[in-house]
Amino acid sequence: MFYRENGQFKTSYAADQQIFGVTQDRLAIWLILAVAFLIVPFIASDYTFQAILIPFVIMSLGALGLNILVGYCGQISLGTAAFMAVGAYAAYNLQARIEGMPLLLALIGGGLVAMVFGVIFGLPSLRIRGLYLAVATLAAQFFVDWLTTRAAWVTNNSSSGSVSAKPLVIAGWQIDTPMEKYLLCLVLLCVLALAAKNLVRSAIGREWMAMRDMDVAAAVIGIRPTYAKLSAFAVSSFIVGIAGALWGFVHLGAWEPAAFSLDRSLQLLFMIIIGGLGSVVGSIFGAAFFVLLPLLLNQVPHWLGLPLSTATATYLEHMIFGALIVFFLIVEPHGLAKLWATARQKLRVWPFPH
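For clarity, every value in this text was computed on a predicted model and none was experimentally measured.

Undergrad: For this particular structure, what's the right way to read the overall build of the chain?
TA: Along the backbone of the chain there are 13 helices and four strands. Its C-alpha atoms give the chain a radius of gyration of 21 Å, within 12% of the compact-globule value 20 Å for 354 residues. In terms of overall dimensions, the chain has a C-alpha envelope of 70 × 60 × 45 Å along the principal axes. A burial count over the chain gives 45% of its 354 residues as buried. Considering only residue pairs separated by 6 or more positions, the chain has 74% of its internal contacts joining residues 24 or more positions apart. Surface accessibility of the chain: about 18200 Å² in total, with carbon and sulfur atoms responsible for 69%. A distance of 9 Å separates the average location of the 20 positive side-chain charges in the chain from that of its 15 negative side-chain charges.

Written as structure tokens, this is what we have:
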């Protein structure tokens, strides 16, 4: 009743190929963007930007990059944080070693270097898959951890191993406040999410999904496994590299190799599993689940007036969080995006049973 498509006629190929083919979807997207760009910056506090919104946007971007590789192409990866680290350190070195390097070019350069690393460590996918490929990508995590801690030139000969980003400036715009940092991350998320959505709907996106569903059959019908798999690694690593550069430059400001540990890789993997594999919006749902839910669970004892110590509250938070993850995997293994798709379908036919 509230989600009818009656009277919405598509009279051209362009209209038929729209990303959001239903008027209600387009209106909802424009409304969400208007709230995110025009309302949230003026009502959120600095703490909300720094502790919630900026991490959420950057993690959404990282989950989006990983979802292209795992969700759309079916290639398991446990080294996502390594490619984030490559993007962050590459962007840092570009600005540190090239005088006057613009911030946007440094971010893109970090993504390109991460893309090269992704292709190199994606080469084993041409011969192995499944658990063996997961172990091979895990090697990228260990290699980058070793490289960032042992190679002094990576940290520009920093004695402590930590690095600090230069002031954020884009075309004379000094990005100082948390609100401006949030808007920068949000713009990049929107641009890359739109590009990723169009990419997975193109010919190369169909090749990725064919490799995911059955790579032998895809090769039989003429899809080149080498091109399909390595292109997925390249695009995924590029987006993840930009997310890593934003994590270091915008969210942390100063970081060390421990900021991109194996825990970050597992967190991103859980994000796309909870949010929904093979779904752009699922990446955002998963990031929201992992960023917002722990904060909510941490505040519940205070709202209820329960006299819990900090350690007890932390343990309960981890227990409840883990239980909810298991619950979602059992109830809806296709993630939160599937729940949203089901609700959307119910709105199309309500109150009728079909």
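Undergrad: What is the right way to look at the packing of aromatic side chains in this model?
TA: Ring pairs (aromatic) are described by centroid distance and by the angle formed between their planes. Here the structure, examined in full by the defined rule, presents eight aromatic pairs. Seen from their ring centres, Phe249 and Trp255 are 5.8 Å apart, and the 40° between their planes marks the pair as tilted. Residues Phe249 and Trp255 agree in their burial class; the two are buried. When the centroid spacing of 5.9 Å and the interplanar angle of 65° are considered together, the rings of Phe289 and Phe290 count as edge-to-face. Of the two residues, Phe289 and Phe290, neither departs from the other in class, the shared state being buried. Each member of the aromatic cluster is reached from another via a ring pair, and the members are Tyr89, Tyr92, Phe249 and Trp255. The positively charged end of Arg224 is found above the aromatic ring belonging to Tyr227, 4.7 Å away from the centroid.

Undergrad: I keep staring at the environment of Lys346 and nothing clicks. Help me out?
TA: Looking at the element boundaries, Lys346 is found in helix H13 (residues 336–349). It is 22 Å that separates the C-alpha atoms of Lys346 and Gln18, two residues lying 328 residues apart in sequence.

Undergrad: What is the right way to read the nonpolar core from this model?
TA: Across soluble globular proteins, nonpolar side chains have a tendency to be buried as a group. Leu61, Tyr182, Trp208, Leu246, Trp255, Phe260 and Phe289 are the most contacted members of the largest nonpolar core, which totals 96 residues. Per-element accounting of this core gives the leading share, 15 residues, to helix H3 (residues 46–72). Apart from residues lying up to four places away in sequence, Leu61 is in contact with Leu189, Leu192, Ile239, Ile242, Ala243 and Leu246.

Undergrad: Just checking my understanding: could you explain the side chain of Glu180 for this structure?
TA: Structurally, Glu180 is set in helix H7 (residues 178–200). Here Glu180 occupies a buried position and makes no salt bridge, while the nearest side chain of opposite charge, Lys181, is found at 8.4 Å. For Glu180, the contacting residues outside a window of four places in its chain are Trp173, Gln174 and Ile175.

Undergrad: What's the story with a nonpolar patch on the surface in this structure? I'm lost.
TA: There is a patch of nonpolar side chains on the surface, built from Leu296, Trp303, Leu304, Leu306, Leu308, Tyr315, Leu316, Met319 and Ile320 and spanning about 950 Å² of accessible area. Listing elements by their share of the nonpolar patch, those giving two or more residues are helix H11 (280–304) and helix H12 (310–331). Take Leu304: its relative accessible area is 60%, and that puts it in the exposed class.

Undergrad: Where do I start with the packing of H3 against helix H8 (residues 203–220) in this structure?
TA: Across the interface, H3 lies against H8 with an axial gap of 8 Å and an inter-helix angle of 50°. Put simply, H3 runs oblique to H8. In this structure, H3 uses Ile68, Gly71 and Tyr72 to contact H8, whose residues at the interface are Trp208, Met209 and Arg212. Of the residues contributing to the contact of H3 with H8, the split by class is four nonpolar, one polar and one charged.

Undergrad: I'm lost on the packing of H3 against helix H10 (residues 262–275) in this one. Help?
TA: The description of two helices packed together rests on the angle between their axes and the distance between the axes. Contact geometry for H3 and H10: axes closest at 9 Å, N-to-C directions at 75°. As far as their axial angle goes, H10 and H3 are roughly perpendicular. Counting all contacts with H3, which are made through Met59, Gly62, Ala63, Leu66, Asn67 and Val70, the residues of H10 involved are Arg264, Gln267, Leu268, Leu269, Met271 and Ile272. A breakdown of the residues in the contact of H3 with H10 according to their chemical character gives eight nonpolar, three polar and one charged.

Undergrad: What is the right way to look at the pattern of salt bridges in this model?
TA: Opposite charge on two side chains permits them to pair, given that their charged atoms come into close proximity. Within this structure, the stated rule accounts for three salt bridges. Residues Asp215 and Arg129 are paired through a salt bridge, measuring 2.8 Å at the closest nitrogen-oxygen approach. Of this pair, Asp215 sits in helix H8 while Arg129 sits in the loop between helix H5 (103–122) and helix H6 (131–150), and the two are 86 residues apart along the sequence. Judged by its relative accessible area of 16%, Asp215 falls in the buried class. With a relative accessible area of 52%, Arg129 lands in the exposed category. The partner of Asp213 in a salt bridge is Arg212, with the nearest N and O atoms 3.1 Å apart. We classify Arg212 as partly exposed; its relative accessible area is 34%.

Undergrad: What is the right way to look at the state of the cysteines in this model?
TA: Chemically, a disulfide is nothing more than a covalent bond linking the sulfur atoms of two cysteines. Counted by the stated rule, this structure contains zero disulfides. No disulfide involves Cys190; its nearest neighbouring cysteine sulfur is the one of Cys185, lying 11 Å away. The class of Cys190 is partly exposed, set by a relative accessible area of 28%.

Reading the values: the criteria
Residues numbered from 1 in each chain as written. Predicted model: local features only at pLDDT ≥ 70, side-chain atom pairs only at ≥ 80, totals over all residues. Heavy atoms only, no water. Helix = DSSP H or I, 4+ residues; strand = E, 2+ residues; numbered from the N terminus. Rg over C-alpha atoms; globule rule 2.2 N^0.38 Å. Buried < 20%, exposed > 50% of the residue type's maximum accessible area, 1.4 Å probe, protein only. Contact = heavy atoms within 4.5 Å. Areas by Shrake-Rupley, 256 points an atom, 1.4 Å probe, with all protein chains shown as cover. Lys, Arg positive; Asp, Glu negative; His and termini not counted. Charge placed at Lys NZ, Arg CZ, Asp CG, Glu CD. Phe/Tyr/Trp six-rings, centres within 6.5 Å; stacked < 30°, edge-to-face > 60°. Lys NZ or Arg CZ within 6 Å of the ring centre and 35° of its normal. Core = buried A, V, L, I, M, F, W, Y, C linked by side-chain atoms within 4.5 Å. Salt bridge = Lys/Arg side-chain N within 4 Å of Asp/Glu carboxyl O. Patch = residues over 30% accessible without salt bridge, like charges linked within 9 Å, V, L, I, M, F, W, Y side chains within 5 Å. Axes fitted to C-alpha atoms, helices over the stretch in contact; angles between N-to-C directions. Parallel < 35°, antiparallel > 145°, perpendicular 65-115°, else oblique. Nonpolar A, V, L, I, M, F, W, Y, C, P; charged D, E, K, R; others polar. Disulfide = S-S within 2.5 Å.

Structural measurements only, silent on function.
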